[in-house]
Amino acid sequence: VLFYPQRGKARALGLEPPIVVGRDPGRARAFATDHGVSAVGGGARALSAGVLGSAAIVAVSHDELAPVTLDLISKGVRFILIEKPGAMDRASLAA
């Protein structure tokens, strides 16, 4: 999951690096090192609302799409791009 913290519109436009969040702290750090961005391990749902910005790109496994996206919405993330279909069935999508 990529988060664009609320530090100006430039960050949301991709002009400043995002924060990368991964479940595995080691892999998140490796990605951050390879791409020159900040990284946090422990997964998106472990983050508090204060860390999150207004926009996120969700790129997780299909079974985590709906739970992670709903968690982000509940924490006030307003703009979310979901990499895959947003749910595995109609009921999850309606939620």
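Keep in mind the model is a prediction, meaning the values are calculated, not measured.

**Some thoughts on the overall build of the protein chain**
And then number 1: When helices and strands are counted, the protein chain shows four helices and five strands.
And then number 2: Each helix and strand of the protein chain, placed in order from N terminus to C terminus, yields the pattern β-α-β-α-β-β-α-β-α.
And then number 3: Put simply, the protein chain has 95 residues, and 34% of those count as buried.
And then number 4: Counting contacts in the protein chain only where the partners sit at least 6 residues apart, residues at least 24 apart contribute 38% of the total.
And then number 5: Carbon and sulfur atoms make up 56% of the accessible area of the protein chain, which amounts to about 5900 Å² in all.

**Notes on the pattern of salt bridges**
And then number 1: Tallying each qualifying case throughout the model produces one salt bridge.
And then number 2: A salt bridge links K75 to D71, with the shortest nitrogen-to-oxygen separation between them at 3.1 Å.
And then number 3: Look at D71 and you get buried, because its relative accessible area is 17%.

**Focus: the confidence of the model for the protein chain**
And then number 1: A residue-level look at the protein chain finds 72% of positions with pLDDT of 70 or above and a mean pLDDT of 74.
And then number 2: For the protein chain, strand β1 (residues 2-4) is the element with the lowest average pLDDT, namely 51, and helix α3 (residues 65-74) is the one with the highest, namely 85.

**Looking at helix α2 (residues 25-35)**
And then number 1: Here α2 starts with a cap whose side-chain oxygen sits 2.8 Å from the backbone nitrogen of G26, and that cap is D24.
And then number 2: A positive phi of about 65° marks G36, the residue just after α2.

**Section: the nonpolar core**
And then number 1: One finds I19, V21, A44, L47, A56, V58, V60, L65, V68, L72 and V77 forming the largest nonpolar core, which totals eleven residues.
And then number 2: When residues of this core are traced back to their parent elements, those giving at least two are β2 (19-22), β4 (55-58) and α3.

**Looking at the side chain of T69**
And then number 1: The residue T69 is located in helix α3 in this model.
And then number 2: Residues contacting T69, with those up to four places away along its chain left out, are V58, I80 and I82.

Thresholds applied
Residues numbered from 1 in each chain as written. Predicted model: local features only at pLDDT ≥ 70, side-chain atom pairs only at ≥ 80, totals over all residues. Heavy atoms only, no water. Helix = DSSP H or I, 4+ residues; strand = E, 2+ residues; numbered from the N terminus. Buried < 20%, exposed > 50% of the residue type's maximum accessible area, 1.4 Å probe, protein only. Contact = heavy atoms within 4.5 Å. Areas by Shrake-Rupley, 256 points an atom, 1.4 Å probe, with all protein chains shown as cover. Salt bridge = Lys/Arg side-chain N within 4 Å of Asp/Glu carboxyl O. pLDDT = per-residue confidence, 0-100. Polar contact = N/O pair within 3.5 Å; in protein donor to acceptor, adjacent residues only side chain to side chain. Core = buried A, V, L, I, M, F, W, Y, C linked by side-chain atoms within 4.5 Å.

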